[in-house]
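# Architecture at a glance
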Amino acid sequence: MAISSNANAEDSAADPLLPWLMSIHEAYQIHTETQFGSRYSDFHELLSKCIHAFKFDSRYRDDVRFLKVWILYMEGSSDYEGVFREMEELHICSQKAQFYEYVSLFFEAKGRLIDACVMYNLGISRNAQPLGRLKKAQVLFLERMSEIVSRGSIQKIIDVLSMQNCDHLINPWSPATIKNLLLKMNAQFVSYEGYHTMNRAYPSKVSLSSLLKGGRNKTVDIGGQKYQIKGCAGKGGFAQVFKAFADSNPDDVVALKIQKPPFPWEFYMYRQLDVRIPVKERKSFGLAHGVHLYSDYSVLVSNYFAHGTLQDAINSHLIKGGFVEEVLCMYYTIEMLQILETLHDASIIHGDFKPDNLLIRYSRDDPTDNENEFRLRTGPWGDQGLCLVDWGRGIDLSLFPNNTQFNGDCRTSGFRCIEMQESKPWTFQVDLYGLCVIVHMMLHSKYMDLERRSSPDGTHTYHPKLHFKRYWKVDLWETLFGKLLNIDPAVDHKKLLQSLKCSFQDYICSDPKLIKKLKELLVKQKSSLCSA
């Protein structure tokens, strides 16, 4: 990939990218003549510095020369997917055919043929110019594929292209996507109860940045309300959650999620849950009182749960050298199946379904032995279970055209669904896969590794590598993993979730001793987590 080096001093002054291109061209010439050897890292560092210097410069966003620098950098990067995502988020030549052609050729060289298909199709769907060039490149790509794969395989590739020409592939988590959605909904958004925005930095004497370093017992003023910080309840890459007393009242405990830069999207998702989740199920999805948006931070005020997360429960068993007992695994599996059935029926995807984001709820009164109350989740059984929180990756499907499919990657180790791993479009699979991983963690105290099994008809299915213990209810677990990991897009997955839930409920209700044992385990777990 050639980068021109013709330049003079006057050109360099008017075009600050030009001296960089000259240096890259010279280094690239050395590369083609000597294959770099140990000096390749110097060349890669030069590309990195050039990108860092100009990636936010609007003059070069649609400059094919700068695109070539990105492509060279991606070719030498171990995290080339991360480089590609950054190019997408910065809209580097996103309306130029060369972007899709170069990236497709890169994926083809990596052997990722479906990804190459997707890129050609994406560029054509975006009407990248010159469109004729891109369509010609796609035809040449298909001709190359026909020489190395069987006729059946090339037809499969063409079918994938045809399918994706009809669908909209979107990264729902890219800053550009979220920004555009928020702009479109601004009038609706600002009318929500609890929405507060200030066009200035956080003004209190106690800075929010000081809390992030440790702010126990400090008092902060958020929107005229004083909160006494009692400790950190959770920490992520961009945010921290604090337990706090409103007006120093220990009976009024809330969670404050402080995030930099400000991020209103999660509050929007909570308000959608308020409207679209049935009242009976609402307690399983967390509650937000309000959000305060400053120019430098956002503060989300929500309910605080004192009993820890499902991850804490799994860890407590692991520390003791044991596993979560099977009937308790079944109980939380039923809870998760119910949560996803309800959520997906409301056209919402959580997008970050993992045990850290499932808070444990306990009822004030002990659950009963009543089979119907257990099955219908009424009485004390309805007041306890799980509560799904952290909606920063939530996806509201009602904001997208029908049949939209997504191509974003959650990048969460252990929770990337099969479609993400294979660079295929996905929708609800991201949550279903998360559920399978959590169940696997409860059963085995390990993340889930998969094996691919071939069938006589040429198809394949995915299954956990670890085997189930003989004394477990193996048929139920095999069905759960077999169905959810190999979901047929044509199947109504919400009915499948309901069917799986009923199968576990039927088994527990078949023996009164199991409900009694479950009650005992929940009491024991509550005592353990509350004392930790």
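Heads up: these notes are all about the structure in this document. (Residues numbered from 1 in each chain as written. Predicted model: local features only at pLDDT ≥ 70, side-chain atom pairs only at ≥ 80, totals over all residues. Heavy atoms only, no water.)

## Considering helix α14 (residues 310-319)
Note the following rule: Exposure classes here rest on a 1.4 Å probe applied to the protein chains alone. A residue is buried below 20% of its type maximum, exposed above 50%, and partly exposed in between. Per the convention used, a helix needs a DSSP run of H or I reaching at least four residues, while a strand needs a run of E reaching at least two, with both numbered from the N terminus. We define a polar contact as two N or O atoms separated by no more than 3.5 Å, with the added condition that, inside protein, one atom must be a possible hydrogen donor and the other a possible acceptor, whereas residues neighbouring each other in sequence contribute only through side-chain atom pairs.
If you check which residues of α14 are buried, you get L310, Q311, A313, I314 and S316. The opening residue of α14 is T309, an N-cap whose side-chain oxygen sits 3.3 Å from the backbone nitrogen of Q311.

## With respect to the nonpolar core
As a reminder, the rule being used: Residues enter a nonpolar core if they are buried and are Ala, Val, Leu, Ile, Met, Phe, Trp, Tyr or Cys, with the set joined through side-chain atoms within 4.5 Å. Note on definitions: a residue-residue contact is assigned when non-hydrogen atoms from the two residues lie within 4.5 Å.
Grouped together as the largest cluster of nonpolar side chains are 97 residues, with contacts concentrated most on L310, Y332, M336, W477 and L480. The biggest single contributor to this core is helix α15 (residues 326-345), with twelve residues. In contact with M336, other than residues within four places in its own chain, are L310, F353, L358, L386, L435, I438, V439 and M442. Counting 47 residues, the second-largest nonpolar core is a separate cluster that includes Y73, L90, A128 and L131.

## Quick look at α15
The cut-off we apply is this: Every helix has an expected span of 1.5 Å times one less than the residues it contains.
The end-to-end C-alpha distance of α15 is 28 Å, a good match for the 28 Å that 20 residues give at a rise of 1.5 Å each. Among the residues trailing α15, S347 stands out with phi positive, at a value near 60°.

## Details of the pairing of strand β4 (residues 225-235)
In regular strands, side chains alternate between the two faces of the sheet. Which entries qualify depends on this criterion: For two strands to be treated as a pair, DSSP must find no fewer than two bridges joining them.
Inspection of the sheet shows strand β3 (residues 219-222) paired to β4 by four bridges, in the antiparallel sense. Across the sheet, the residue bridging to I222 is Q225, located in β4. Between β3 and the antiparallel strand that follows it, β4, lie two residues; G223 among them carries a positive phi value of about 60°. Examined bridge by bridge, β4 and strand β5 (residues 239-246) share seven bridges and lie antiparallel to one another. In the sheet register, C232 faces β5, and the bridge partner there is F242.

## Observations regarding the side chain of R377
The residue R377 is located in the loop between α16 (371-376) and β11 (385-388) in this model. At 3.1 Å, the side chain of R377 forms a polar contact with the side chain of E281. Among the polar contacts made by the side chain of R377, one reaches the side chain of E335 at a distance of 3.1 Å. Excluding anything up to four places from it in sequence, R377 contacts K280, E281, S284, E335, Q338, N372 and G382.

## Points about the packing of α14 against helix α18 (residues 429-444)
As a reminder of what qualifies: Throughout, an axis means a line fitted to C-alpha atoms (over the contacting stretch in the case of helices), and angles, computed between N-to-C directions, take values from 0 to 180 degrees. Roughly parallel refers to an angle under 35 degrees, roughly antiparallel to one over 145, roughly perpendicular to one between 65 and 115, and oblique to any angle outside these ranges. The sense of a crossing depends on the near helix, which, turned anticlockwise from the far helix by less than a right angle, makes the crossing left-handed and, turned clockwise, makes it right-handed.
Taken N-terminus to C-terminus, the directions of α14 and α18 make an angle of 25°; their axes are 9 Å apart at the nearest point. With respect to α18, the element α14 is oriented roughly parallel. Judged by the twist between their axes, the crossing of α14 over α18 is left-handed. Mapping the contact onto sequence places L310, Q311 and I314 in α14 and I438, M441 and M442 in α18.

## Considerations on the pairing of strand β10 (residues 358-361)
The alternating pattern of β10 places L358 and I360 on one face and L359 and R361 on the opposite face, and all of these are buried. Judged from the four bridges that link them, β10 and β11 form a sheet pairing that is antiparallel. Bridge assignment links L358 to a residue of β11, and that residue is L388.

## Some thoughts on the side chain of H440
Here H440 lies in helix α18. There is a polar contact of 2.9 Å between the side chain of H440 and the backbone oxygen of K446. Each residue touching H440, except ones within four places of it in the same chain, is listed here: S445, K446, Y447, M448, P464, L466 and F481.

## A look at empty space enclosed by the protein
To locate leftover empty space, one rolls a probe as large as a water molecule over the atoms. Selection rule: Here the term cavity refers to a set of points on a 1 Å grid, laid over the protein atoms alone, in which a 1.4 Å probe fits but cannot get out; the term pocket refers to an open set having protein on both sides within 12 Å along at least five of seven lines, with lining residues being those that place an atom within 4 Å of a point. Grid points are joined across faces, edges and corners, and a volume is the space filled by probe spheres set on the points. Following the grouping adopted for this structure description, the nonpolar residues are Ala, Val, Leu, Ile, Met, Phe, Trp, Tyr, Cys and Pro, the charged ones are Asp, Glu, Lys and Arg, and the polar ones are all others, Gly among them.
Enumeration according to the criterion identifies five cavities of 30 Å³ or more in this entry. Quantified by volume, the largest cavity comes out at close to 400 Å³. Taken together, 23 residues make up the lining of the largest cavity; nearest its centre are F84, R112, N407, G408 and S423. Of all elements in the fold, only α5 (80-89), α7 (113-125) and α17 (418-421) reach the threshold of two or more residues within the lining of the largest cavity. Tallied by class, residues from the lining of the largest cavity come to nine nonpolar, four polar and ten charged. Taken as a whole, the second largest cavity encloses approximately 60 Å³ of empty space. Around the second largest cavity sit G351, D352, F353, K354, C410, T412, F415, V430 and G434, which together line it.

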